[in-house]
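# Survey of secondary and tertiary structure
As a plain string of letters, each chain reads:
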Amino acid sequence: MSGLGLRQSRAPLILESGRQIAYDQSEAQTEVERPLVSIDSRLEKLVSQVEGATGAILLAADGEAVLWYPVANSDRLRLRAAYAAVVLRSCRAAAIPAKLRGLKSLVMEYDCATLVVQEIDGDYFALVELGPSANIGQALFRLDRAVNELRGEIVR
């Protein structure tokens, strides 16, 4: 997971109670009441908000699964995500000579599942896997929101 982290000005301390000690700009210690939200929990939230979703995954541009939340079969989700990465690379390569802008979203069907993919940045993608009766429009809407949140957390 090299190069992936949470955006923070200084590293906070995490208390056993789940509370976070953060440092403000004046270097004074302050206690923050809100719990930390992890990328894992954002993937889980995405799956729970999309009717018919069977999993979500954070995918590196090379096809490597970084983090995932499957409802059932994690191996199948990672295999389908790797397939989606191959298709994404092909689409990106085809877009260059055509002088098209970047790829925002891609919807594809593979092996009785619908895969909805959206670019987070040039190096990472978010993918949600849908069952046959899933709502693709809802998946696109929720994935867009999740990606906007993830962009704020992934730093180099």
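Here, the structure is the one placed above.
Conventions used here
Residues numbered from 1 in each chain as written. Predicted model: local features only at pLDDT ≥ 70, side-chain atom pairs only at ≥ 80, totals over all residues. Heavy atoms only, no water. Buried < 20%, exposed > 50% of the residue type's maximum accessible area, 1.4 Å probe, protein only. Helix = DSSP H or I, 4+ residues; strand = E, 2+ residues; numbered from the N terminus. Pairing = 2+ DSSP bridges. Core = buried A, V, L, I, M, F, W, Y, C linked by side-chain atoms within 4.5 Å. Salt bridge = Lys/Arg side-chain N within 4 Å of Asp/Glu carboxyl O. Axes fitted to C-alpha atoms, helices over the stretch in contact; angles between N-to-C directions. Contact = heavy atoms within 4.5 Å.

## Here's the deal with the pairing of strand β7 (residues 113-119)
Of all the 7 residues making up β7, 7 are buried; the element is thus mostly covered by neighbouring parts of the structure. Burial along β7 is two-sided: the residues Ala-113, Leu-115, Val-117 and Glu-119 and Thr-114, Val-116 and Gln-118 are all buried. Across 6 bridges, the pairing between strand β6 (residues 105-110) and β7 is antiparallel. Counted as the bridge partner of Leu-106 is Val-117 from β7.

## Regarding the nonpolar core
Generally speaking, nonpolar side chains in soluble globular proteins are found buried as a group. By size, the foremost hydrophobic cluster in this structure holds 24 residues, and its most contacted members are Leu-46, Leu-58, Ile-120, Tyr-124, Val-128, Leu-130 and Leu-143. Contributing elements (two or more residues each) for this core: α1 (39-49), β4 (53-60), β5 (65-70), β8 (124-130) and α3 (136-153). In terms of residues, this core owes the most to one element, α3, which gives 5 residues. Core analysis: the second largest hydrophobic core is formed by 15 residues, Ile-57, Leu-77, Ala-84 and Leu-127 among them.

## Focus on the pattern of salt bridges
Taken as a whole and assessed by the stated rule, the structure comprises 7 salt bridges. One salt bridge connects Arg-80 with Asp-111, and the closest N-O pair in it is separated by 3.4 Å. Placement of the pair is Arg-80 in helix α2 (residues 74-95) and Asp-111 in the loop between β6 and β7, with a sequence separation of 31 residues. Measuring nitrogen to oxygen at the nearest pair gives 3.5 Å for the salt bridge that ties Lys-104 to Asp-144. In this pair, Lys-104 is assigned in the loop between α2 and β6 and Asp-144 in helix α3, connecting sequence segments 40 residues apart. Judged by its relative accessible area of 24%, Asp-144 is partly exposed. Via salt bridges that share partners, Arg-76, Arg-80, Asp-111 and Glu-129 belong to a single interconnected network.

## Overview of the sheet that holds β6
What holds strands together in a sheet is hydrogen bonding between their backbones, with the strands either parallel or antiparallel. Read from one edge to the other, the open sheet built from 5 strands follows the order β5-β4-β8-β7-β6, with strand pairing classed as antiparallel. Pairing within the sheet leaves two strands with one partner each, and these edge strands are β5 and β6. Strand-to-strand, the axes of this sheet are offset by a mean angle of 15°, without reference to chain direction. By the bridge criterion, 6 bridges tie β7 to β8 in an arrangement that is antiparallel. Residue pairing across strands places Thr-114 opposite Leu-130, the latter belonging to β8. Strands in contact with α1 are β4, β5 and β8; relative to β4, the strand with the most contacts, it is inclined by about 145°.

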